[in-house]
Amino acid sequence: MTTGDAPARSFQQRFRAWYKKRLPIFWDNWVSAAGSMIALVAVFLLVLMFFLYLYNMLVGRESNPYVDLIGFMILPVLLSGGLVLLVLGNLLRRAREKRDGRVHTETMFAGKDVVRRAVLVAGGTFVLLIGIGLFSYEAYHYTDSNQFCSYVCHEVMIPEATAHASSPHANVKCVDCHIGPGADWFVRAKLSGIRQVFAVLSDDFHRPIPTPVENLRPARETCEVCHWPAKFHGSRLVTYQRYAGDRDNSAQTTALVLHVGGPGGAAAGTASGIHWHVDPGNEVRYRHVDRERLEIVEVVQSTPAGEIRYLRDDADQHERQGSWRVMDCLDCHNRPTHIYDLPHRAVDLALATGKLDSAVPWLRRQAERVLREIEPDSDTAALVADRLRAIYAAEYPGDLAALEASLPATAAALAAILERNVWPRMRITWNTYPSHLSHFDEFGEFGTGGCFRCHDGRHEAATGAMITTDCDACHAVLAMEERNWDGLQGITAEAFLRR
Ligand code: HEC
Ligand code: HEC
Ligand code: HEC
Ligand code: HEC
Ligand code: HEC
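As the structure is a computational prediction, the values presented were derived from the model and not from experiment. (Residues numbered from 1 in each chain as written. Chains lettered and ligands numbered in written order. Predicted model: local features only at pLDDT ≥ 70, side-chain atom pairs only at ≥ 80, totals over all residues. Heavy atoms only, no water.)

Undergrad: Looking at this structure, I do not really get the pairing of strand 3 (residues 283-288). What am I missing?
TA: Within a regular strand, the side chains alternate between the two sheet faces. Where strand 3 lies against strand 4 (residues 296-303), 6 bridges are found, and the strand directions are antiparallel. Across the sheet, the residue bridging to Arg287 is Glu298, located in strand 4. With 4 bridges joining them, strand 3 and strand 6 (residues 323-326) adopt antiparallel strand pairing. Among the inter-strand pairings, Arg285 is bridged to a residue of strand 6, identified as Val326. (Pairing = 2+ DSSP bridges. Helix = DSSP H or I, 4+ residues; strand = E, 2+ residues; numbered from the N terminus.)

Undergrad: Explanation requested: the coordination of the iron atom of ligand 5 in the structure shown.
TA: Each pair of donors in an ideal octahedron of six around a metal sits at 90 or 180 degrees, and each pair in an ideal tetrahedron of four sits at 109.5 degrees. Looking at the iron atom of ligand 5, the protein donor atoms are His439 (NE2) and His475 (NE2), and they sit 1.9 to 2.0 Å from it. Note that the iron atom of ligand 5 binds 6 donor atoms; their angles at the metal cover 82 to 179°, and the shape is octahedral. Placement of His439 in the loop between helix 14 (407-421) and strand 7 (459-461) and of His475 in strand 8 (residues 475-482) is noted, with a sequence separation of 36 residues between them. Under the relative-accessibility criterion, His439 is labelled buried at 12%. The buried category is assigned to His475, whose relative accessible area is 13%. (Donors = N, O, S within 2.8 Å, 3.2 Å for Na, K, Ca; no water. Tetrahedral: all angles 85-135°; square planar, octahedral: opposite > 155°, others 65-115°. Buried < 20%, exposed > 50% of the residue type's maximum accessible area, 1.4 Å probe, protein only.)

Undergrad: Sorry if this is basic, but what is going on with the nonpolar core here?
TA: What tends to happen in soluble globular proteins is that the nonpolar side chains get buried as a cluster. Ranked by size, the top nonpolar core spans 28 residues in total, and within it Leu356, Val384, Leu388, Tyr392 and Leu414 carry the most contacts. Mapped onto this core, the elements with two or more residues apiece are helix 10 (343-352), helix 11 (363-373), helix 12 (380-395) and helix 14. At 6 residues, the largest contribution of residues to this core is made by helix 14. Counting residues in each nonpolar core, the second largest holds 9 residues, with Tyr310, Met327, Cys454 and Ala461 among its members. (Core = buried A, V, L, I, M, F, W, Y, C linked by side-chain atoms within 4.5 Å.)

Undergrad: Can you walk me through the site of ligand 5 in this structure?
TA: In the vicinity of ligand 5 lie 21 residues, with Arg242, His439, Cys471, Cys474 and His475 positioned nearest. Tyr240 places a side-chain nitrogen or oxygen 2.4 Å from an oxygen atom of ligand 5. The side chain of His475 places a nitrogen or oxygen atom 2.6 Å from a nitrogen atom of ligand 5. Sorting the residues of the shell around ligand 5 by element identifies strand 1 (236-243), strand 2 (251-258), helix 15 (471-474) and strand 8 as the ones contributing at least two each. Considering only residue class, the shell around ligand 5 consists of 12 nonpolar, 6 polar and 3 charged. (Near = heavy atom within 4 Å. Polar contact = N/O pair within 3.5 Å; in protein donor to acceptor, adjacent residues only side chain to side chain. Nonpolar A, V, L, I, M, F, W, Y, C, P; charged D, E, K, R; others polar.)

Undergrad: What exactly am I supposed to notice about the environment of Ala402 here?
TA: Topologically, Ala402 is positioned in helix 13 (residues 400-405). Along the primary structure Ala402 and Pro361 are separated by 41 residues, whereas in three dimensions their C-alpha atoms are 7.5 Å apart. Non-local contacts of Ala402, meaning those with residues more than four positions away in its chain, are made with Val360 and Pro361. (Contact = heavy atoms within 4.5 Å.)

Undergrad: Would you mind showing me how to read the coordination of the iron atom of ligand 3 here?
TA: In the first shell of the iron atom of ligand 3, the protein supplies His275 (NE2) and His333 (NE2), at 1.9 to 2.0 Å from the metal. For the iron atom of ligand 3, the 6 donor atoms in the first shell make angles of 86 to 178° at the metal, a pattern classed as octahedral. Taken together, the positions of His275 in the loop between strand 2 and strand 3 and His333 in the loop between strand 6 and helix 10 put the pair 58 residues apart, joining distant regions of the chain. Exposure remark for His275: the relative accessible area of 14% places this residue in the buried category.

Undergrad: Please clarify how the sheet that holds strand 6 should be interpreted in this entry.
TA: Pairing between sheet strands relies on hydrogen bonds along the backbone, with the strands arranged either parallel or antiparallel. Taking strand neighbours across the sheet as the criterion, the 5 strands line up as 6-3-4-5-7 in an open arrangement whose pairing is antiparallel. Of all strands in the sheet, those with a lone pairing partner are strand 6 and strand 7, marking the two edges. Ignoring strand direction, the axes of neighbouring strands in this sheet form an average angle of 25°. Two strands pair when backbone bridges link them, and strand 4 and strand 5 (residues 306-312) are joined in this way by 6 bridges, in the antiparallel orientation. Across the sheet, Glu298 pairs through a bridge with Leu311, a residue of strand 5. (Axes fitted to C-alpha atoms, helices over the stretch in contact; angles between N-to-C directions.)

Undergrad: Can you help me understand the site of ligand 2 in this one?
TA: Around ligand 2 lies a shell formed by Pro168, His169, Val172, Asp176, Cys177, Thr222, Cys223, Cys226, His227, Leu330, His333 and Pro336. For ligand 2, a nitrogen atom lies 2.7 Å from a polar atom in the side chain of His169. Between ligand 2 and the protein, one listed contact pairs a nitrogen atom with a side-chain N or O atom of His227 at 2.8 Å. Contributing elements (two or more residues each) for the shell around ligand 2: helix 7 (174-178) and helix 9 (219-226). Looking at which element gives the most residues to the shell around ligand 2, the answer is helix 9, with 3 residues. Split into classes, the residues belonging to the shell around ligand 2 amount to 7 nonpolar, 4 polar and 1 charged. Counting the residues that make up the shell around ligand 2, at least three belong to each of domain 2 (146-205) and domain 3 (230-336 + 440-496). (Domains from an automatic or database assignment.)

Undergrad: What am I meant to see in the packing of aromatic side chains here?
TA: For any two aromatic rings, the description comes down to two numbers: the centre-to-centre distance and the angle of the planes. One pass over the full model with this rule turns up 5 aromatic pairs. Taking NZ or CZ as reference, Arg285 lies 5.4 Å from the ring centre of Trp324, over its face. (Phe/Tyr/Trp six-rings, centres within 6.5 Å; stacked < 30°, edge-to-face > 60°. Lys NZ or Arg CZ within 6 Å of the ring centre and 35° of its normal.)

Undergrad: What's the story with helix 14 in this structure? I'm lost.
TA: Taking 1.5 Å of rise per residue, the 15 residues of helix 14 would be expected to cover 21 Å, and the 21 Å separating its terminal C-alpha atoms lies within 8% of that figure. Inspection of helix 14 places Leu407, Thr410, Ala411, Ala413, Leu414, Ala415, Ile417, Leu418, Arg420 and Asn421 among the buried residues, and these make up the whole buried set. (Expected span 1.5 Å × (residues − 1).)

Undergrad: What is the right way to read the side chain of Ser32 from this model?
TA: As for its placement among the helices and strands, Ser32 is situated in helix 2 (residues 30-59). Reaching out from Ser32, the side chain makes a polar contact with the backbone oxygen of Leu86 at a distance of 3.0 Å.

Undergrad: I tried to follow the pattern of salt bridges on my own but got confused; where do I start?
TA: A side chain of one charge can pair with a side chain of the opposite charge if their charged atoms are brought near each other. Taken as a whole, this structure holds 25 salt bridges when the rule is applied. With its nearest N and O atoms 2.6 Å apart, the salt bridge here joins Arg247 to Asp399. Here Arg247 is found in the loop between strand 1 and strand 2, whereas its partner Asp399 is found in the loop between helix 12 and helix 13, with 152 residues between them in sequence. Glu298 serves as the salt-bridge partner of Arg287, at 2.9 Å between the closest nitrogen and oxygen. Remark: Glu298 occurs in strand 4 and Arg287 occurs in strand 3; sequence separation between them is 11 residues. (Salt bridge = Lys/Arg side-chain N within 4 Å of Asp/Glu carboxyl O.)

Note that every value here comes from positions in space, so none of it alone points to a role or purpose.
Here's what the structure looks like:
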């Protein structure tokens with residue numbers, strides 16, 4: 001191949017001579033032939049993928065996760081697999097030739113044989129590719145299914161999956177909130193998923209899983225696929241059936257007109273009500289000094305009207321500490337789907353829906369007590385029944401017969417509540433995952449969490465303005481645990497007006 005070669009040899013002839021000499025490497029045995037073909041196809045597709053990717057980026061189009069999966073996860077594997085086969089085939093060939101004492105000379109780069117091989121190898125590669133494509137498509141779907149997320153890591157995910165299954169989002173897939181659309185989050189999720197699988201296998205994970213989830217995808221990109229702030233408007237009447245802790249389990253009503261609110265009109269920044277925080281024109285940033293985001297020492301509100309900075313009364317003890325976060329849906333709706341009950345609320349609901357019999361004296365009070373005392377076990381209902389029987393025998397012997405009459409149903413209902421909310425193996429108990437959507441503590445008293453992390457009368461601006469603590473800013477309380485609430489009579493339109 002030096003330039004001193006006879007000029008009579010054309011380039012074509014020289015290339016052929018060169019190629020023939022090297023042909024065995026690629027072509028002379030089945031394994032290498034298949035390997036080189038696979039590698040070649042993979043390279044071709046990768047180049048294609050790359051240009052597709054560039055094109056998508058240029059026109060700003062969302063790439064398709066299926067295509068990306070095959071492109072960026074399968075093709076490189078295919079390419080390296082092909083190369084491995086190529087080398088392997090040649091090693092085998094060499095070994096065989098050595099054993100047989102043959103020296104390799106012949107190559108078959110002519111005639112029908114080559115055509116036949118080429119067709120066979122191409123056909124085989126094609127079938128293989130389709131097979132891999134179908135397989136990875138199915139694998140992709142499977143790893144995205146609720147079933148995979150919840151039951152592959154049974155012990156770890158079962159509390160969340162159970163809560164999810166009885167929530168307003170039961171029909172929304174885990175991945176719609178935890179991953180969302182687009183390939184980059186998809187790859188990130190699968191990578192951290194692989195890490196998590198190892199964590200579960202080696203039993204090396206937190207119990208309970210800590211929240212807030214650190215690298216949850218921003219709500220703007222997940223929740224807002226289905227809910228968008230500009231849609232919210234007006235107020236909403238909510239009523240709750242509650243029961244008192246007296247002998248009669250007296251029924252009570254709590255009723256609120258919640259000023260959910262939303263944008264005032266087409267113009268951004270004219271919003272009011274609770275969803276004011278997420279109006280496109282507004283931004284609320286806050287600095288928290290604990291991991292759980294409960295201790296909020298500084299809040300900055302930016303609206304088209306300007307910026308206001310509120311400092312908590314103890315902010316000077318926390319100067320430059322903590323981290324900043326822009327408020328989004330999850331700062332209030334942190335439990336949109338993994339909703340855990342509290343004992344008193346769960347008992348109220350069971351009484352209201354007839355799962356517990358309100359004719360059993362003292363049941364509201366004692367059922368709550370038993371829920372707080374007992375952990376689920378292999379036979380939770382028996383534990384509950386024994387405990388209730390013991391309490392009534394000691395404290396209300398006169399009512400023991402009334403308890404016994406419906407004890408099996410009562411115990412079953414309470415066991416179901418326990419098994420839905422308390423998970424000893426994951427160390428999840430009552431209020432392990434508090435909701436931010438209100439301002440009550442785990443016993444139903446006014447607390448310091450939820451809205452009251454900021455609306456607590458401790459956050460003040462330089463002007464002296466406070467983040468509001470006016471009950472009526474958020475809701476009109478029509479009835480608060482009232483025994484004989486007379487419905488909406490006497491309530492004026494005023495209560496429903498957005499503030
Ligand atoms: C409607 C949206 C949504 C769906 C659907 C959803 N999740 Fe979540 N999930 C969340 C949010 C939001 C958090 C974060 C809570 C926080 O940071 O305080 C979370 C947190 C978690 C946690 C951490 C523990 C906890 O309770 O906070 C686990 C585990 C989890 N999800 C698993 C799942 C599984 C498994 C599924 C499907 C069966 C699922 N999620 C479906 C929104 C969702
Ligand atoms: C795939 C679509 C989808 C996604 C993503 C989604 N939701 Fe929903 N959401 C729904 C549906 C459907 C309902 C049920 C509406 C109904 O029952 O009337 C709902 C209901 C709700 C409700 C009302 C619950 C109630 O008690 O009535 C809230 C609050 C909510 N979603 C918040 C969120 C938040 C926060 C996120 C992001 C973490 C989110 N959603 C993500 C579809 C979605
Ligand atoms: C400042 C706290 C807060 C923020 C931030 C917030 N919400 Fe809400 N949202 C509420 C409250 C409180 C309710 C009323 C809850 C109820 O009805 O029990 C509500 C109600 C809802 C409902 C039910 C509406 C209805 O009228 O039925 C949906 C859906 C919802 N929010 C979605 C979102 C989404 C999506 C975001 C983020 C863009 C968001 N919220 C941000 C506090 C908030
Ligand atoms: C991170 C701090 C923070 C949290 C948490 C928070 N808010 Fe606010 N909120 C603010 C700030 C700042 C303002 C603006 C100052 C003001 O109006 O008092 C505001 C204003 C409001 C307003 C008045 C909006 C208007 O019409 O002008 C309502 C209503 C409200 N919040 C409800 C809620 C509810 C309900 C929750 C809990 C579910 C909540 N907020 C949680 C910081 C917060
Ligand atoms: C920053 C907004 C905000 C302020 C201020 C506020 N609340 Fe609330 N309150 C809420 C939200 C949000 C809920 C939960 C509504 C729901 O059930 O979805 C709630 C729920 C309630 C409930 C129903 C509790 C139940 O039984 O479930 C009562 C009663 C109540 N508030 C009373 C008050 C009173 C009294 C004040 C004034 C001292 C007050 N709230 C101040 C936002 C606020």
